[in-house]
Amino acid sequence: MSDRRSAYYPALAYSLLLLLVWGGSWLIAVLQLFMGDLFDVNSLVSGEGVRWALFSVGSSVEAAPWGTAFFLLFIAGLLDGSGLLRLVGNIFKRRVSGNELRSLLFALSALLLYVVVLFLFTVSPWDALRGVTGDIGNSPLSHGRLLLLFIGVLMTALVYGFMYGNYRTVVDVIGSAAGLVRQFVPALLAMLPASGLMPCLHYTGLDVMLGIGNENATAAETVIYCLPFVYMAVVCLVRKR
């Protein structure tokens, strides 16, 4: 796993799976000619299948959670670069220095202030983060939760990083956030073939044969997208050792 080429195994595996879905749909469609309606599968290796693939490829790629992945990687990079993740480890080891505690106190104070501001903007008369009907479910607070989380982590990491000394310039901040993204580029690349797996399975009808119904399709898609990132996290840990 220490081989750098191993980082691209998920992208390769998903590409092969996608080819397997195409080939499998054709093979089962051929078997249907001899076995009647025992299987109900649409072949991708056909004029209609190719037309569907070309029409749907754009929407499938756009539907992949690219933005969420980038946001989460940036957040993790900020936490790591600022030293907050190392602080958590030191807390469990009971080896926390005075500088770490002081920096943590300032960081938590900034986070608390941010939470108070968000709270004030969700109650009257400053309820700009609530929905037009006054609810939270369909509101700017709900729809923008990822951005608001990013801002909260950014503020906390900035205060801790600059107080502790890990951050000295804005370049240090951007470098720590982008550094983790660079390490996980293979996982982001794997999202390209992954974005086509579930749509192809659904079009062919193979999802029904595999027991993937509407009730668990979202869960299956989430697992497909998450596996490359879990794999890359393991690869990164092995490399550090």
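What you see is a predicted model; the values in this text were computed from it and never measured.

Draft legend 1. Representation of the overall build of the protein within the structure. When you go through the protein residue by residue, the secondary structure sums to 11 helices and zero strands. Going from the N terminus to the C terminus, the protein shows its helices and strands as α-α-α-α-α-α-α-α-α-α-α. Here the protein has a C-alpha radius of gyration of 23 Å; the compact-globule value for 241 residues is 18 Å, and the former is much larger. Over its C-alpha atoms, taken along the principal directions, the protein stretches across nearly 75 × 55 × 30 Å.

Draft legend 2. Inspection of the packing of helix 3 (residues 66-82) against helix 8 (residues 170-183) at higher detail. The N-to-C vectors of helix 3 and helix 8 enclose an angle of 125°; their axes lie 7 Å apart at closest approach. In terms of their interaxial angle, helix 3 and helix 8 are classed as oblique. Where helix 3 crosses over helix 8, the handedness of that crossing is right-handed. The residues of helix 8 that touch helix 3, namely those facing Phe 70, Leu 73, Phe 74, Ala 76, Gly 77, Leu 78 and Gly 81, are Val 173, Ser 176, Ala 177, Leu 180 and Val 181.

Draft legend 3. Region of interest: helix 7 (residues 145-164). Look at helix 7: 28 Å from first C-alpha to last across 20 residues, which is about the 28 Å you get at 1.5 Å a residue. By the burial criterion, the buried members of helix 7 are Leu 148, Phe 150, Gly 152, Val 153, Thr 156, Ala 157, Tyr 160 and Gly 161.

Draft legend 4. The side chain of Ser 25, seen in detail. With respect to the helices and strands, the residue Ser 25 is situated in helix 1 (residues 9-35). Since its relative accessible area comes to 0%, Ser 25 is described here as buried. A polar contact is formed between the side chain of Ser 25 and the backbone oxygen of Trp 22, at a distance of 2.7 Å. Sequence-distant contacts of Ser 25, that is, excluding residues within four places in its chain, are made with Val 41, Asn 42, Ser 43, Leu 44, Val 45, Thr 204 and Leu 206.

Draft legend 5. Quick peek at helix 11 (residues 217-240). Here helix 11 is 24 residues long and its end C-alpha atoms lie 36 Å apart, about the 34 Å a rise of 1.5 Å per residue gives. Maximum bend of helix 11: about 30°, positioned at Cys 226, with proline Pro 228 one to four residues after it. If you check which residues of helix 11 are buried, you get Ala 220, Ile 224, Tyr 225, Pro 228, Phe 229, Met 232, Val 235 and Cys 236.

Draft legend 6. Looking closely at a nonpolar patch on the surface. A cluster of nonpolar side chains, contributed by Leu 112, Leu 113, Val 116, Val 117, Phe 119, Leu 120, Phe 121 and Trp 126, occupies part of the molecular surface with about 780 Å² of accessible area. Within the secondary structure, Leu 120 sits in helix 5 (residues 98-120).

Draft legend 7. Here's a closer look at the packing of aromatic side chains. Applying the stated criterion to the full structure yields five aromatic pairs. Ring centres of Trp 52 and Tyr 203 lie 4.5 Å apart, and the angle between their planes is 20°; this geometry places the pair in the stacked category. With Trp 52 in helix 2 (residues 47-63) and Tyr 203 in helix 9 (residues 185-204), the pair connects residues that are 151 residues apart, well separated along the chain. We classify Trp 52 as partly exposed; its relative accessible area is 22%. For the pair Phe 71 and Phe 150, a centre-to-centre distance of 5.4 Å together with 65° between the ring planes defines the contact as edge-to-face. One end of the pair, Phe 71, is in helix 3; the other, Phe 150, is in helix 7, and 79 residues separate them in sequence.

Draft legend 8. Local environment of the pattern of salt bridges. One pass over the structure, following the stated rule, counts one salt bridge. For Arg 51, the salt bridge is made with Glu 48, and the minimal N-O distance between the two is 2.9 Å. Residue Arg 51 and its partner Glu 48 are both found in helix 2; the two are separated by three residues, about one turn of the helix. Under the relative-accessibility criterion, Glu 48 is labelled partly exposed at 46%.

Draft legend 9. View of the nonpolar core. Val 21, Leu 73, Phe 184, Leu 188, Met 191, Phe 229 and Met 232 are the most contacted members of the largest nonpolar core, which totals 33 residues. Residue assignment for this core shows that the elements contributing at least two residues are helix 1, helix 3, helix 8, helix 9 and helix 11. Those residues in contact with Leu 73, other than ones at most four positions away along the chain, are Ala 177, Leu 180, Val 181, Phe 184, Leu 188 and Phe 229. Counting 13 residues, the second-largest nonpolar core is a separate cluster that includes Ile 75, Leu 87, Val 153 and Tyr 160.

Parameters and conventions
- Residues numbered from 1 in each chain as written.
- Predicted model: local features only at pLDDT ≥ 70, side-chain atom pairs only at ≥ 80, totals over all residues.
- Heavy atoms only, no water.
- Helix = DSSP H or I, 4+ residues; strand = E, 2+ residues; numbered from the N terminus.
- Rg over C-alpha atoms; globule rule 2.2 N^0.38 Å.
- Axes fitted to C-alpha atoms, helices over the stretch in contact; angles between N-to-C directions.
- Parallel < 35°, antiparallel > 145°, perpendicular 65-115°, else oblique.
- Left-handed = near helix turned anticlockwise from the far one by under 90°.
- Contact = heavy atoms within 4.5 Å.
- Expected span 1.5 Å × (residues − 1).
- Buried < 20%, exposed > 50% of the residue type's maximum accessible area, 1.4 Å probe, protein only.
- Polar contact = N/O pair within 3.5 Å; in protein donor to acceptor, adjacent residues only side chain to side chain.
- Bend = angle between axes of the 7 residues up to and from the residue.
- Patch = residues over 30% accessible without salt bridge, like charges linked within 9 Å, V, L, I, M, F, W, Y side chains within 5 Å.
- Areas by Shrake-Rupley, 256 points an atom, 1.4 Å probe, with all protein chains shown as cover.
- Salt bridge = Lys/Arg side-chain N within 4 Å of Asp/Glu carboxyl O.
- Phe/Tyr/Trp six-rings, centres within 6.5 Å; stacked < 30°, edge-to-face > 60°.
- Core = buried A, V, L, I, M, F, W, Y, C linked by side-chain atoms within 4.5 Å.

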